[in-house]
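As a plain string of letters, each chain reads:
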Amino acid sequence: MGINIKSSLSIDPSVCMYLNANDIIINKSSSFVYLKVPRGIEISKKGKILHIVPLMKRTNASIRAFFVRFKRLLKGVAYPACKHMHLKGVGYKVSFNQENKILCFKLGFSHTVDVKVPFFINVEIKKGNKLNLTSPLYSELLDFSSSLTRLRKKDPYKGKGVVFLNKKLILKQGKRQ
């Protein structure tokens, strides 16, 4: 049984795309994605329209997965996902080493916590305790940002820790007198 695959996709005008025999490079001013094309798929580009043709009548799961991932990548490069994080607490700071792509956190421990940032995630730091992460790959951005929240979980009484900026914090009630 075949799959209904939309054979042509329109590309955002701000996105540049380069095709080789087995490779696709998608580029925008701030994002860059490289993708290998699996066997059994032929891709051609005419202007800002991309034509995708499966070479077999029956498509297997890897080809279906490629189509889904490719559509997500096109959307992600045109409109990158963004996560805003905040370090709440006295003395909680973050700095970013641009050369090595390492985030250095001061989270109230006796040592700093260093985290290597994946190459597809862009980091921007504001005021030393606000962190903006952007990436064309939404699921990987979500995984990375949730791993950052695990560095210092939120305190249920004071709300201190690494938290998402727009997430509402529900605090427990302290002792009553």
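This report concerns the structure included in the present document. Here the structure is a predicted model, which means the values were calculated and not measured.

## Focus on the overall build of the protein
- When helices and strands are tallied, the protein shows two helices and 13 strands.
- Taking 2.2 N^0.38 as the reference for a compact globule, 177 residues should give roughly 16 Å; the C-alpha atoms of the protein span a radius of gyration of 21 Å, well beyond that estimate.
- The dimensions of the protein, computed from C-alpha atoms along their principal axes, are 75 × 40 × 25 Å.
- Going through the 177 residues of the protein one by one, you find that 34% of them count as buried.
- Expressed as a percentage of contacts within the protein between residues at least 6 apart in sequence, the contacts between residues at least 24 apart total 49%.
- Accessible area for the protein stands at about 11,700 Å²; split by element, carbon and sulfur atoms hold 53% of it.
- Separation of charge centres in the protein, based on 34 positive and 9 negative side chains, amounts to 9 Å.

## Overview of the nonpolar core
- Counting 43 residues, the largest nonpolar core has Ile26, Phe70, Leu103, Phe105, Leu131, Leu133 and Leu148 as its most contacted members.
- Ranked by residues supplied to this core, first place goes to helix 1 (residues 61–78) with eight residues.
- With near-sequence residues (within four places) excluded, Phe105 lies in contact with Leu87, Lys93, Val94, Thr112, Val113, Val115, Leu131, Leu148 and Leu151.

## What to know about the packing of aromatic side chains
- The tally for this structure, following the rule as stated, stands at one aromatic pair.
- Taking 5.2 Å as the distance between ring centres and 80° as the angle between the ring planes, the aromatic pair formed by Phe119 and Phe120 counts as edge-to-face.
- For Phe119, a relative accessible area of 68% translates into the label exposed.
- Relative accessible area serves as the criterion here: at 19%, Phe120 is assigned to the buried category.
- Positioned above the aromatic ring of Phe164, the side-chain terminus of Lys83 is 5.1 Å from the ring centre.

## Thoughts on the environment of Val123
- Within the element layout of this structure, Val123 appears in strand 11 (residues 122–126).
- Taking the relative accessible area as the measure of exposure, Val123 reaches 17% and is therefore buried.
- Once the C-alpha coordinates of Val123 and Asp12 are considered, the two residues, 111 residues apart in sequence, prove to be 24 Å apart.
- Those residues within four positions of Val123 in sequence are excluded, and the remaining contacts are Phe96, Leu103, Val117, Leu131, Asn132 and Leu133.

## Regarding the pairing of strand 9 (residues 102–106)
- Judged by which residues are buried, strand 9 turns out to be one-sided: Leu103 and Phe105 face inward and are buried, whereas Ile102, Cys104 and Lys106, on the alternate face, are not.
- Relative to strand 9, strand 8 (residues 93–97) runs antiparallel, the two being bridged by five bridges. Residue Asn97 lies in a different strand from strand 9, and its bridge partner there is Ile102.
- Here strand 8 folds back onto strand 9, and the loop between the two strands holds four residues, one of which, Lys101, carries a positive phi near 55°.
- Alignment of strand 9 against strand 10 (residues 113–116), held across four bridges, turns out to be antiparallel. Residue pairing in the sheet places Ile102 in a bridge with Lys116 of strand 10.

## Quick word on the pairing of strand 6 (residues 49–54)
- Two strands pair when backbone bridges link them, and strand 1 (residues 8–10) and strand 6 are joined in this way by three bridges, in the antiparallel orientation. Counterpart to Ser8 in the pairing with strand 6 is His51.
- Pairing geometry for strand 5 (residues 41–46) and strand 6, over six bridges, is antiparallel. Bridged to Ser44 within strand 6 is His51.
- Between strand 5 and strand 6, which follow one another and run antiparallel, lie two residues, and Gly47 among them has a positive phi close to 70°.

The rules behind the values
- Residues numbered from 1 in each chain as written.
- Predicted model: local features only at pLDDT ≥ 70, side-chain atom pairs only at ≥ 80, totals over all residues.
- Heavy atoms only, no water.
- Helix = DSSP H or I, 4+ residues; strand = E, 2+ residues; numbered from the N terminus.
- Rg over C-alpha atoms; globule rule 2.2 N^0.38 Å.
- Buried < 20%, exposed > 50% of the residue type's maximum accessible area, 1.4 Å probe, protein only.
- Contact = heavy atoms within 4.5 Å.
- Areas by Shrake-Rupley, 256 points an atom, 1.4 Å probe, with all protein chains shown as cover.
- Lys, Arg positive; Asp, Glu negative; His and termini not counted.
- Charge placed at Lys NZ, Arg CZ, Asp CG, Glu CD.
- Core = buried A, V, L, I, M, F, W, Y, C linked by side-chain atoms within 4.5 Å.
- Phe/Tyr/Trp six-rings, centres within 6.5 Å; stacked < 30°, edge-to-face > 60°.
- Lys NZ or Arg CZ within 6 Å of the ring centre and 35° of its normal.
- Pairing = 2+ DSSP bridges.

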